[in-house]
Number of protein chains: 2
Amino acid sequence: MANCLVAQSGGPTAVINSSLAGVVRANQLNPLYDRVFGGLYGIEGTLDDQLYDLTNLTGHDIELLQQTPSSALGTCRYKLKRGNDADYHRLVEVMDAHDITTMFYIGGNDSMDTVDALAEWARDNAPGKRFIGIPKTVDNDLVPVDHCPGFPSAAKVACEITHATRLDYDAYTRPEVFVLEVMGRDAGWLAASCCVTGDVDLLVLPEVDFDREAFLAEVRKKFEETGKCYIVTSEGAHYADGTYLSAGKAADDGFAHAVLGGAAAAIKQMIVDAGIVPRGIVQDLSRAARSSNFAQSIVDRTEAWELGLSAHMRSADPAFTGQVVGVRRDEEAAAEGLYNAWFFAAPASEFANFVRHFPSEWILPAYQGIAPEALDYFRPLIKGEPRVVMDGGIPATIVPFNRR
Amino acid sequence: MANCLVAQSGGPTAVINSSLAGVVRANQLNPLYDRVFGGLYGIEGTLDDQLYDLTNLTGHDIELLQQTPSSALGTCRYKLKRGNDADYHRLVEVMDAHDITTMFYIGGNDSMDTVDALAEWARDNAPGKRFIGIPKTVDNDLVPVDHCPGFPSAAKVACEITHATRLDYDAYTRPEVFVLEVMGRDAGWLAASCCVTGDVDLLVLPEVDFDREAFLAEVRKKFEETGKCYIVTSEGAHYADGTYLSAGKAADDGFAHAVLGGAAAAIKQMIVDAGIVPRGIVQDLSRAARSSNFAQSIVDRTEAWELGLSAHMRSADPAFTGQVVGVRRDEEAAAEGLYNAWFFAAPASEFANFVRHFPSEWILPAYQGIAPEALDYFRPLIKGEPRVVMDGGIPATIVPFNRR
């Protein structure tokens, strides 16, 4: 028998380790592979032969791993570019050295592109080497899945903070605006999810070109009507010409993506400058939303785990490569008000590099939030909590494998 | 029989409503007063005769109130200044109009000063009117209590976010600094509490004048030793001349306190400017720490509730005025590794306007964090969670009385 490798890439989430735990546990239930190696720091550490043997994690370790946020193997933003044969050869060299036939890669759309490219390249250059994708992203911007592991838990945290900070904001009489910023570069799923609790007055999404005057008119109207205006914005909010609201703070993260931050501060400042209210409060959730495990969603944690199981189980078929596993919502159950997910696998090319935007038909005009259909979409994803093992007042976590 | 009044002042906390619930419940258990009125928006709405009758809240409402963050009556930053006889007369006029003899005021040290001033004034000018304080503050800066309701829950949230964002930070190899900012204008209790999880490399407190060069030397050393540097700072970090690190952003909040924010951004920038690492991540917890009810501490929620009960029960003594209730730690129990609190009352003048700093003997030199004694102090406060009633995936809350 041979061995397998699993690695994590891109931004951490609250449940990416649950998928990792699923792969490890599946191999304990049915040892398709002699050993399950973890590749440290994504493709970066893997190319450097930094592996950690996960084969015999105990049941207790696996339970803690499921509730440990961030990426327990470490992660990277290094992209294995198409045509980079040197890296491809080096990866196969490392795999050969450890008798590894199969690599599971947990990541977002960039990583699914890597899975596609590697599988394609291996057909001619490294027969017998297989590459399988397991999706994750707090941005929820992957096609063709209903939603993506990591997003529901991030949405749950964002909803809780929205509700709590709205209560905090409402406790005061003084005229001020509140602006909450959440992650979301190109897709506004996370910002839109904040509307679930009914606390959001105005919503700014990357899917709608920002119109300063139209927006300020809505802000003015909210203050006239209620004396309050609670705003949620995606970090990627931008003007029609593509300029980010946070422009001036952009930097490069090595993936040719702008590094964002500051949309909320920009919105607050334009409201103050327009003389609508003299002051405002800015809350940037940033990493606190994607990494907190106070608020894992039970649906999210379970599906992330099951996608890990599913990827491993499907790999029993030697022809299974260049594929990604995902979930579809059971529409029949949904019609009856129930939530159920079906699991499927599809070619990685269908996931790679596409961005699934928050649907335009779910966006209310004039920054007024989201349609009832969107609420129906979000609600089952954030409902319900797993049992959490606590340690001294905070959720217990495993020592990351890259820090041992 | 006569009635009583309860109001909330200053910044909301995760458990200030638990004290409110305690007063209401105590009066159901022993109706010392015919009616329990809530004064909306602290002293501000009370002077405007905005009262809400809380007498007959149901048990279910009281349970939800205990887990609702923020100030369910609304709050204010309006300070009843000593010598402001017009406001004092107006307050007594409102109290008389509703046959109110006793006012419970839940707030920080400014509010305890108000309790002291009102009680003193009433002795000569409004005999029979009584003013009783119930402390709260996430800053934990009140004397002479062991700790103050609101702080343990804020510390619990801060510890969780510290641990989760440290895991997130550690997942990457790229050279960058992480700086977490938490509330704390003059006292560093909340920032210091973040050290409980062992994740903090360097700690910046308002209790220690900031020395730029000495600090940068420590940052450099951490990066040389471990390639990482995770920093926590209080918003009120300042240089020896009193200038805040966040200077330039200061504004006035009406209490002659500087409005802070931006210490973390300033620290990140000075590290980047010094050429130690090319980039950094800033996470400002701000209101997410004080208002989240995902992480109520069981000790905090219970003590806040019991202080509400205690204040009401002690008010059976007609001479009980100008007093504040508080908790002391049971040192005998602590010596055996157990936690127990004793309740007491003391003159409001002992609480008013003093600031209890994080003890200098608990501060390690060179920004290295806190002493073991401080860990022993913090740990029992954040340990343990109450049962939380959920609603659609987030903790259920009561509709604030000021929004009905």
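- Chain A goes by Pyrophosphate--fructose 6-phosphate 1-phosphotransferase in an unreviewed UniProt entry, where it is assigned to Gordonibacter pamelaeae.
- Of the comments in the UniProt record for chain A, the one headed Pathway (unreviewed entry) reads "Carbohydrate degradation; glycolysis; D-glyceraldehyde 3-phosphate and glycerone phosphate from D-glucose: step 3/4."

### Focus on the UniProt feature "active site" (unreviewed entry) in chain A
All names here are of chain A.
Here is step 1 of the chain: As recorded in UniProt, the sites labelled "active site" (unreviewed entry) are Asp-139.
Here is step 2 of the chain: Checked against the element boundaries, Asp-139 lands in the loop between strand S5 (130–135) and helix H6 (151–170).
Here is step 3 of the chain: For Asp-139, a relative accessible area of 18% gives the class buried.
Here is step 4 of the chain: Residues in contact with Asp-139, not counting those within four places in the same chain, are Met-183, Gly-184, Ala-187 and Trp-189.

### Considerations on the interface of chain B and chain A
Many authors give the size of an interface as the accessible area that is lost as the parts come together.
Here is step 1 of the chain: At the interface, 63 residues of chain B touch 63 residues of chain A.
Here is step 2 of the chain: Across the chain B to chain A interface the summed buried area is about 4500 Å²; carbon plus sulfur atoms make up 56%.
Here is step 3 of the chain: On inspection of chain B and its partner chain A, the count reaches six salt bridges.
Here is step 4 of the chain: For the pair chain B and chain A, the interface holds 29 residue pairs in polar contact (both at pLDDT 80 or more).
Here is step 5 of the chain: Those elements that place two or more of their residues in the side of chain B that touches chain A are helix H6 (151–170), strand S9 (280–284), helix H10 (287–291) and strand S13 (394–395) of chain B.
Here is step 6 of the chain: For the side of chain B that touches chain A, the leading source of residues is H6(B), giving 12 residues.
Here is step 7 of the chain: Residues that form the side of chain B that touches chain A fall into these classes: 23 nonpolar, 21 polar and 19 charged.

### Some details on the relation of the copies chain B and chain A
Here is step 1 of the chain: Structural alignment of chain B on chain A gives an RMSD of 0.0 Å, achieved by rotating through 180° and translating 0.0 Å along the axis. Such a combination of rotation and displacement between the chain copies is what one expects of a two-fold axis.
Here is step 2 of the chain: Interface overlap between copies: 100% of the residues of chain B at the interface are likewise at the interface in chain A, consistent with a symmetric, same-surface contact.

### What to know about the domain arrangement of chain A
Residues and elements named next belong to chain A.
Here is step 1 of the chain: You can read the domains of chain A as domain 1 (3–150 + 296–353) and domain 2 (151–291).
Here is step 2 of the chain: At the junction of the two partners, domain 1 supplies 22 residues and domain 2 supplies 15 residues.
Here is step 3 of the chain: Here domain 1 packs against domain 2, burying approximately 1600 Å² in sum over the two surfaces, 55% of which is carbon and sulfur.
Here is step 4 of the chain: Across the contact surface, domain 1 and domain 2 share zero salt bridges.
Here is step 5 of the chain: Among the residues making up the side of domain 1 that touches domain 2, the classes are represented as eight nonpolar, eight polar and six charged.

### Topic: the confidence of the model for chain A
Here is step 1 of the chain: For chain A, the mean per-residue pLDDT works out to 93, and 97% of the residues sit at or above 70.
Here is step 2 of the chain: Across residues 249–260 of chain A, where pLDDT falls below 50, the model places 30 contacts with residues more than four positions away in sequence or in other chains.

### Some remarks on the sheet that holds strand S3 (residues 51–53) of chain A
Residues and elements named next belong to chain A.
Here is step 1 of the chain: Read from one edge of the open sheet, seven strands run S3-S2-S1-S4-S5-S10-S11, paired in mixed fashion. Two strands lie at the open edges of the sheet, namely S3 and strand S11 (341–347), each paired on one side alone. Sheet twist, expressed as the average angle between the axes of neighbouring strands with direction ignored, equals 25°.
Here is step 2 of the chain: Two elements, strand S4 (residues 100–107) and S5, share six bridges in a ladder whose sense is parallel.

### Overview of the pattern of salt bridges
Here is step 1 of the chain: All chains considered together, the criterion is met by 38 salt bridges over all chains.
Here is step 2 of the chain: With a closest N to O distance of 3.1 Å, Arg287(B) and Asp168(A) form a salt bridge. Taken as a pair, Arg287(B) in helix H10 and Asp168(A) in helix H6 lie in two separate chains rather than in one.
Here is step 3 of the chain: The salt bridge involving Glu213(B) is made with Arg212(B); its shortest N-O contact spans 2.9 Å.
Here is step 4 of the chain: The class for Arg212(B) is partly exposed, based on a relative accessible area of 31%.

Quick notes on the rules
Residues numbered from 1 in each chain as written. Chains lettered and ligands numbered in written order. Predicted model: local features only at pLDDT ≥ 70, side-chain atom pairs only at ≥ 80, totals over all residues. Heavy atoms only, no water. UniProt positions renumbered as here; feature names shortened; annotations may be inferred. Helix = DSSP H or I, 4+ residues; strand = E, 2+ residues; numbered from the N terminus. Buried < 20%, exposed > 50% of the residue type's maximum accessible area, 1.4 Å probe, protein only. Contact = heavy atoms within 4.5 Å. Buried area = accessible area lost by both parts, 1.4 Å probe. Salt bridge = Lys/Arg side-chain N within 4 Å of Asp/Glu carboxyl O. Polar contact = N/O pair within 3.5 Å; in protein donor to acceptor, adjacent residues only side chain to side chain. Nonpolar A, V, L, I, M, F, W, Y, C, P; charged D, E, K, R; others polar. Least-squares fit on C-alpha atoms with pLDDT ≥ 70 in both. Domains from an automatic or database assignment. pLDDT = per-residue confidence, 0-100. Pairing = 2+ DSSP bridges. Axes fitted to C-alpha atoms, helices over the stretch in contact; angles between N-to-C directions.

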